[in-house]
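What the coordinates show
One-letter residues, chain by chain:
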Amino acid sequence: MVFSRQHPSPRYVELVATYREMHLKGERHMGVPAAQTFDGRSLRPHAEDIKRLIDATGALTVLDYGSGKGTQYDPKPLEIPGKGRWDSVIDYWGVDEVTCFDPAYQPYSEIPTGKFDGVISTDVLEHCPEEDIDWIVDEIFSFASKFVFATIACYPANKRLPNGENAHCTIRPGPWWEEVFRTAVARHPGIIWEARIYSQGWPGTGTQKLINERIGS
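Remember, predicted model here, so these are calculated numbers, not experimental data.

This part covers the overall build of the protein chain. When its secondary structure is counted, the protein chain shows 5 helices and 8 strands. Each helix and strand of the protein chain, placed in order from N terminus to C terminus, yields the pattern α-α-β-β-β-α-β-β-α-β-α-β-β. Taken along its principal axes, the extent of the C-alpha atoms in the protein chain is 45 × 40 × 35 Å. The buried share among the 217 residues of the protein chain stands at 50%. Nonlocal contacts in the protein chain, meaning residues at least 24 apart in sequence, comprise 72% of its contacts between residues at least 6 apart. As displayed, the protein chain offers around 10,500 Å² of accessible surface, 52% of which is attributable to carbon and sulfur atoms. Between the averaged position of the 23 positive side-chain charges in the protein chain and that of its 30 negative side-chain charges there is a distance of 3 Å.

The next thing to look at is the nonpolar core. Tyr65, Phe141 and Phe181 are the most contacted members of the largest nonpolar core, which has 41 residues in total. Mapped by element, the contributors of at least two residues to this core are α1 (10-25), β1 (61-65), β5 (116-122), α4 (133-142), β6 (144-153), α5 (174-187) and β7 (192-198). Ranked by residue count, the leading element in this core is α4, at 6 residues. Residue contacts for Phe181: discarding those within four places in its chain leaves Leu125, Val137, Phe141, Ala150, Ile152, Trp193 and Ala195. With 20 residues, the next largest nonpolar core counts Leu78, Ile80, Val89 and Phe149 among its residues.

Let us look at the environment of Pro175. Secondary-structure assignment places Pro175 in helix α5. By relative accessible area, Pro175 is classed as exposed at 55%. Here the alpha-carbon distance between Pro175 and Ile211, two residues 36 residues apart in the chain, equals 7.9 Å.

To continue, consider the pairing of β6. Most of β6 is tucked away, with 8 of its 10 residues classed as buried. Looking at chain direction, β5 and β6 are connected through 6 bridges and run parallel. Within the sheet, the bridge partner assigned to Thr122 lies in β6 and is Thr151. Between the parallel elements β5 and β6, the chain passes through α4 in a crossover that is right-handed.

Calculation rules
Residues numbered from 1 in each chain as written. Predicted model: local features only at pLDDT ≥ 70, side-chain atom pairs only at ≥ 80, totals over all residues. Heavy atoms only, no water. Helix = DSSP H or I, 4+ residues; strand = E, 2+ residues; numbered from the N terminus. Buried < 20%, exposed > 50% of the residue type's maximum accessible area, 1.4 Å probe, protein only. Contact = heavy atoms within 4.5 Å. Areas by Shrake-Rupley, 256 points an atom, 1.4 Å probe, with all protein chains shown as cover. Lys, Arg positive; Asp, Glu negative; His and termini not counted. Charge placed at Lys NZ, Arg CZ, Asp CG, Glu CD. Core = buried A, V, L, I, M, F, W, Y, C linked by side-chain atoms within 4.5 Å. Pairing = 2+ DSSP bridges. Right-handed = clockwise from strand over helix to strand, strands pointing away.

Honestly, that's just the spatial picture; any functional story needs more than this.
Right, dumping it as structure tokens:
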């Protein structure tokens, strides 16, 4: 059976409900309070890579697909060694607007409409059921007019779901993810895209591999 946004898998529906609960109650296995659960901290290690794509494309609007609570965009100082200091990541990027979307967090759970210059998705896809990955990645590309940036962990998470299962439910190697992205970009030509996978550890400490970067015609 082929799943879609209109008809996602039962597992997808179940996981969205589970993550909605975790947003409200926190991650009990590690004792992480609700305010710090899926708060968007995974964005920061990739801010410079995203800035490079923003500058290359002249992007002014960005969609964060799977943004969590979105606190990564709150006004707070951001310092890039050797480059400067900004009041927020939005100021650093120099964009006009960042839109958050997360189906499991009520303030941002409404599906976006229209196009955005760039779409970013960090620490999201590995949390999605394998049977839904194709339509989710295709949806990410469908919102972009200039670029897509994604990061994917290919190892088990520290976080656990309330039922004890690992939070990373789709753990696949780089070539598998590359095929998923190549299939999506073929349906959405002209998009600059970059996907990075991590075979272990937090970005900056684990092994990082760039799947692909493609400049469309």
